[in-house]
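The chain contents come next:
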Amino acid sequence: MSIIQIIFLLLSVMAVGSALMMITSKNPVNSVLWLIVVFFAISGHYILLNAQFLAIVNIIVYAGAIMVLFLFVVMLMNLNAETEPVKNRRLQLIGITSGGALMLIIVSAISKIDVEQLVQINAGDSGLIKVLGMNLFKNYVLPFEISSVLFLSAMIGAVVIGKKEEIENKK
Amino acid sequence: MLLAIDFALLLEKLILVVVVVFASLGIAMYTTFAERKVAAILQDRRGPNRAGPFGLLQPLADGMKLFFKEEIIPDFSSKFLFVMGPALAMLTACMTSAVIPWGDKIDFFGRMVDLQIADVNIGILYVFGVVSLGVYGIMIGAWASNNKFSLMGGLRAASQIISYELAMGISLIALLMITGTLSLKEMVVQQQQGYWNVVLQPLGFLIFLICSFAECNRTPFDLPEAENELIGGYHTEYSSMKLGFYLFSEYINMFISSVIMATLFFGGYDIPFFDESVLAPNLAAILGIVALMTKVIAFIFLFMWVRWTIPRFRYDQLMHLGWRILIPMALFNMLATGGVILYFNK
């Protein structure tokens, strides 16, 4: 086994293991912390694929910002194992069925892929910042700009919802 | 293929890592001493002068005291997380130094040794990533304390760090547009040949400076541990060396952000008004380290000077400054920089 395979296996075990821990742990704060570990493992995979920019942005945006907000909300709402509502059996069964169906689809789709063509370990430069920038601002400039407008509208929407009571009170 | 590691390189980097980590720990240790001395001078006192000559052994005495204190662990929500908090704070504080160029190459018995642990091409983003993780140490510790005041301190820390990270990132974008690179080493080389970035980006530097005060939780931004409102903030429940880790990581953060500011805006290991290339490489490298450390000490003094001069902000003032003043200013700076670059490239 080459060293890359060993690292890949370690990272994969880490990712899948902590994802399972995230789902199964009763305490929401622990779930959030396990999810952060998942993001780190995924960033490790990105580095193996020579996409350093993607790896570090994944850490900055997901692990550094979004998960802090998650943790924030969970801590403020003071959720814990005792107050966590227990879902009833039927809902649990439906959840397992739909999740299993999704997994079946993903597994069948992945098994058709020619791995040799898909994975280029530590080669290719599509994840490097220069190539990524060129792609985003030359080939895909329109979708990129439209998605940024979408973000802007989402931001304004969030502000409006947050300020709703204040505006109504003023009337 | 990758198993054929250059063992000399591995050894070289390992030694460099050990030296850098221990150097930053040592400097942080004496920063605590310097802080007390500076405070004493500013308040017309003598400061610590009992342990050793001029009180120079004071940091060791403080460390000993923390080690021998009783370790009190409260009726907590999670013992593992309670220990994790200070450990994470310390880890993230020490991790940043990996991408900082401490000096030029040194000729070590015919082997050119680069005085930088990793010259990755996303250097500044790595720093930013580690900084954004720094908040976890505080938040986890605060939550695991199972104490209202700790939790409030942790939440304040998190919202403060997230708010000021935005302005910091935007002020960095303007800098990156000028330098055109993310590698810290490359930036220093550019500044050696041209102007220091502070000349080209004065507003950007000001925003970055204010934000790094906030990111280090230093006065006037030390609301997470505001003792008259929150007892001790996020470390209320901590005692012994765990408390020591929290306090110590603040000093390491202060040192590292001084190094980052010196590297980004003040030429790093560049000696001003002097062409290093006329010197022998080893002498130039050593003088470069001295130059960098001089700048760093100046910044650390600024941190202390501000701490003992300006009182703490109120919480709404903090948020107002971050969101309504710094972010618009940083956005304006970014647009103006872009406009100027576009105009001169024509």
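A. Inspection of unusual backbone geometry at higher detail. Residues and elements named next belong to chain B. Even without being a glycine, Asp 44 presents a positive backbone phi close to 60°. Position of Asp 44 relative to the elements: it lies in the loop between α1 (7-42) and α2 (58-68). Classification of Asp 44 by relative accessible area gives exposed; the value is 73%.

B. Inspection of the pattern of salt bridges at higher detail. All names here are of chain B. Per the counting criterion, the structure on display carries 4 salt bridges over all chains. The partner of Glu 71 in a salt bridge is Lys 242, and the shortest N-O contact between them spans 2.1 Å. In this pair, Glu 71 sits in the loop between α2 and α3 (79-95) while Lys 242 sits in helix α10 (residues 240-265), placing the two residues 171 residues apart along the sequence. Overall, Lys 242 belongs to the buried group, its relative accessible area being 12%.

C. Here's a closer look at the packing of aromatic side chains. Residues and elements named next belong to chain B. Following the criterion strictly, the structure yields 15 aromatic pairs over all chains and no others. Taken together, a centroid distance of 5.8 Å and an interplanar angle of 65° make the contact between Trp 196 and Phe 266 edge-to-face. Within this pair, whereas Trp 196 is found in the loop between α6 (184-193) and α7 (197-200), its partner Phe 266 is found in the loop between α10 and α11 (281-307), the two being separated by 70 residues in sequence. Consider the rings of Phe 266 and Phe 299, whose centres lie 5.5 Å apart with planes at 75°: the pair is edge-to-face.

D. Main features of the nonpolar core. One finds Tyr164(B), Phe208(B), Ile252(B) and Leu264(B) to be the most contacted residues of the largest nonpolar core, which totals 73 residues. Element by element, the count of residues in this core is highest for α10(B), at 12 residues. Core analysis: the second largest hydrophobic core is formed by 37 residues, Val38(A), Ile59(A), Phe72(A) and Ile140(B) among them.

E. How the structure looks around the interface of chain B and chain A. If you look at the interface, chain B gives 23 residues, while chain A gives 26 residues. Across the chain B to chain A interface the summed buried area is about 2100 Å²; carbon plus sulfur atoms make up 83%. If you sort the residues of chain B by the area they bury against chain A, Tyr136(B), Trp143(B) and Leu155(B) come out on top, with a joint share of 26%. Across the contact surface, chain B and chain A share 2 residue pairs in polar contact (both at pLDDT 80 or more).

Definitions and limits used
Residues numbered from 1 in each chain as written. Chains lettered and ligands numbered in written order. Predicted model: local features only at pLDDT ≥ 70, side-chain atom pairs only at ≥ 80, totals over all residues. Heavy atoms only, no water. Helix = DSSP H or I, 4+ residues; strand = E, 2+ residues; numbered from the N terminus. Buried < 20%, exposed > 50% of the residue type's maximum accessible area, 1.4 Å probe, protein only. Salt bridge = Lys/Arg side-chain N within 4 Å of Asp/Glu carboxyl O. Phe/Tyr/Trp six-rings, centres within 6.5 Å; stacked < 30°, edge-to-face > 60°. Core = buried A, V, L, I, M, F, W, Y, C linked by side-chain atoms within 4.5 Å. Contact = heavy atoms within 4.5 Å. Buried area = accessible area lost by both parts, 1.4 Å probe. Polar contact = N/O pair within 3.5 Å; in protein donor to acceptor, adjacent residues only side chain to side chain.

Geometric values such as these leave the question of function open.
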